[in-house]
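Reading the structure
In case you want the letters, here they are:
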Amino acid sequence: MSNIDPSALSKEKILDAYERISHYLMKTPVHISTTVDSIVGKKVFFKCENFQKTGSFKARGALNAVLSKMCQEKNAKNFAGIVTHSSGNHGTALSWACQTQSIPCTVVVPKDTPFNKIESIKTYGSRLEFCEPNPTSRVEVAGRLSEKNKLLLVKPYDDYDVIAGQGTVTVEFLQQIPDLDAILVSVSGGGLISGISVYAKSINPNIKIFAVEPTGKRLGKCLENKKRNLEGKEPTFLNTRAEGIKTEMCGELTFPIISKYIHPDDVFTVTDDQMIEATKFIFKRMKMVIELSAGAAVAALFSDKMKNNYPNLKNIGVILCGGNIDIDNLPW
């Protein structure tokens, strides 16, 4: 397992990112619900990244990467544009970020990406390339296009500029609610939870960061064994309806960060049915549109594990990471 490069990701890097991107983005609100508080027996604060530009937190990391990398003279001279691979939200966010700077963008997406996310990417004028629905194909196609067309590859999570941008969620959140005891974060490749952990722990070393995963990811076991790839096999996508968190393995850069800050016991595993019920709850009771990836964190909040294992926590933050659900094909 590689070590964290402290010069590449720190509280200061995240604050620099916030200064760089904040005037382009929304300072997303924090919502509360007395109904939720009564159910879980704690005060709960929902950080609404579903209201962010492009409908998810991904706009933060994408924009920081574009502004950081393309302001470098060598990159501006050597690359004709940017390419990435994504199951939807990162591709949309990077497309938007490139549009703000008039930079051509190409997005590689799996063939089974939901129609609403494909249409969202097109809205910002990016070129779409389709690949087979597995992580290896995504990476190979994006790499080939990068080399062939002289495009700068911006990875969706294994990039320190992206991670620093995602960490700006916590800069705002801890300004808004300074006395949080814990934050629940849904995990896919690990960019969001890495950025959140680095900044939050630098402000309050005692704050708990909870990782929320779909069934089959086995992040807790990976952390116990200090191995991101337990069997040394080819990466795959998980069999979950939450396409935003279907990446099986955390990244090569993100896994060491997660290993440093997240205890294996602080990983919550939720089923698709639990995500769906939690998502429906937010629709009905809080009148907000969220996607299943965000519903995963809500499901963890409502879980028996939260009730039984963490009775002393008083103020819990929940990251509603996105709201890009296909309204014409709801997953229930």
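Everything below is about the structure printed above this text.
Residues numbered from 1 in each chain as written. Predicted model: local features only at pLDDT ≥ 70, side-chain atom pairs only at ≥ 80, totals over all residues. Heavy atoms only, no water.

1. Describing the sheet that holds strand β1 (residues 30-31)
Let me state the cut-off plainly: Any two strands with at least two DSSP-identified bridges between them are counted as paired. Helical segments are the DSSP runs of H or I of at least four residues, strand segments are the runs of E of at least two, and each set is numbered from the N terminus. Between two residues, a contact is recorded if the distance between any of their heavy atoms is within 4.5 Å. Here an axis means a line fitted to C-alpha atoms, over the contact stretch when the element is a helix, while the angle between two N-to-C directions is reported on a 0 to 180 degree scale.
Strand order in this open sheet of 6 strands is β1-β2-β10-β7-β8-β9, and the pairing throughout is mixed. Two strands in the sheet have a free side with no partner beyond their single neighbour: β1 and β9 (267-270). As paired strands, strand β2 (residues 43-48) and strand β10 (residues 315-320) are joined by 6 bridges and run parallel to one another. Note that in β10 the partner of Phe-45 across the bridge is Gly-317. Where helix α9 (residues 191-203) meets the sheet, it contacts β7 (182-186), β8 (208-214) and β10, and its direction lies at approximately 170° from that of β8. Of the strands in this sheet, β2, β7, β8, β9 and β10 touch helix α13 (residues 292-301), which is tilted by about 160° from β10.

2. Some remarks on the sheet that holds strand β3 (residues 81-85)
Overall, parallel pairing links the 4 strands, which are arranged β5-β4-β3-β6 in an open sheet. The open sheet has two edge strands with one neighbour each: β5 (127-131) and β6 (151-153). Between one strand and the next, the sheet's axes are offset by a mean angle of 25°, whatever the strand orientation. Two strands pair when backbone bridges link them, and β3 and strand β4 (residues 105-110) are joined in this way by 4 bridges, in the parallel orientation. Paired with Ile-82 across the strands is Cys-105, a residue of β4. Strand contacts of helix α5 (residues 89-100): β3 and β4, with the helix running at about 170° to β3, the strand carrying the most contacts.

3. Quick look at the layout of surface pockets
To be explicit about the condition: Note on definitions: the grid is 1 Å and covers protein atoms alone; a cavity is a set of points where a 1.4 Å probe fits but cannot get out; a pocket is an open set with protein on both sides within 12 Å along at least five of seven lines; lining residues have an atom within 4 Å of a point. Grid points are joined across faces, edges and corners, and a volume is the space filled by probe spheres set on the points. Gly falls in the polar group here, along with every residue not listed as nonpolar (Ala, Val, Leu, Ile, Met, Phe, Trp, Tyr, Cys, Pro) or charged (Asp, Glu, Lys, Arg).
Roughly 440 Å³ of internal volume is contained in the largest pocket. Every residue lining the largest pocket is counted, 19 residues in all, and those nearest its centre are Val-139, Tyr-157, Asp-158, Arg-228 and Glu-252. Considering each element in turn, the lining of the largest pocket owes the most residues, 4 residues, to helix α7 (residues 135-149). Counted by class, the lining of the largest pocket contains 10 nonpolar, 4 polar and 5 charged residues. At the level of elements, α6 (115-123) and α13 are the ones that each hand at least two residues to the lining of the second largest pocket. Its residues assigned to classes, the lining of the second largest pocket shows 6 nonpolar, 5 polar and 4 charged.

4. Here's the deal with the side chain of Asn-315
The cut-off we apply is this: For the exposure calls, accessible area comes from a 1.4 Å probe over protein chains only, and a residue counts as buried if that area is under 20% of its type's maximum, exposed if over 50%, partly exposed in between. A 3.5 Å cut-off defines polar contacts: any pair of N or O atoms within that distance qualifies, except that in protein one atom must be a possible hydrogen donor and the other a possible acceptor, and neighbouring residues in sequence count only when both atoms are side-chain atoms.
Looking at where Asn-315 falls in the secondary structure, it is placed in strand β10. A relative accessible area of 12% places Asn-315 in the buried class. Of note is the side chain of Asn-315, whose polar atom sits 3.3 Å from the backbone oxygen of Asp-179. Leaving out residues up to four positions away in the same chain, Asn-315 has contacts with Lys-43, Phe-45, Asp-179, Leu-180, Asp-181 and Ala-182.

5. Topic: the pattern of salt bridges
Formally: Here, a salt bridge means any side-chain nitrogen of Lys or Arg that lies within 4 Å of a carboxyl oxygen of Asp or Glu.
Scanning the entire structure with this criterion turns up 15 salt bridges. Between Arg-60 and Glu-172 there is a salt bridge whose closest N-O contact spans 2.8 Å. Taken together, the residues span a long stretch of sequence, with Arg-60 in helix α3 (residues 58-70) and Glu-172 in helix α8 (residues 160-176) at a distance of 112 residues. A single burial state applies to Arg-60 and to Glu-172, both of which are buried.

6. Focus on α3
Selection criterion: Expected span of a helix: the number of residues minus one, times 1.5 Å.
Given a rise of 1.5 Å per residue, 13 residues ought to cover 18 Å, and the 18 Å separating the end C-alpha atoms of α3 matches this to within 8%. Summarising burial for α3: 13 of the 13 residues are buried, a large majority.

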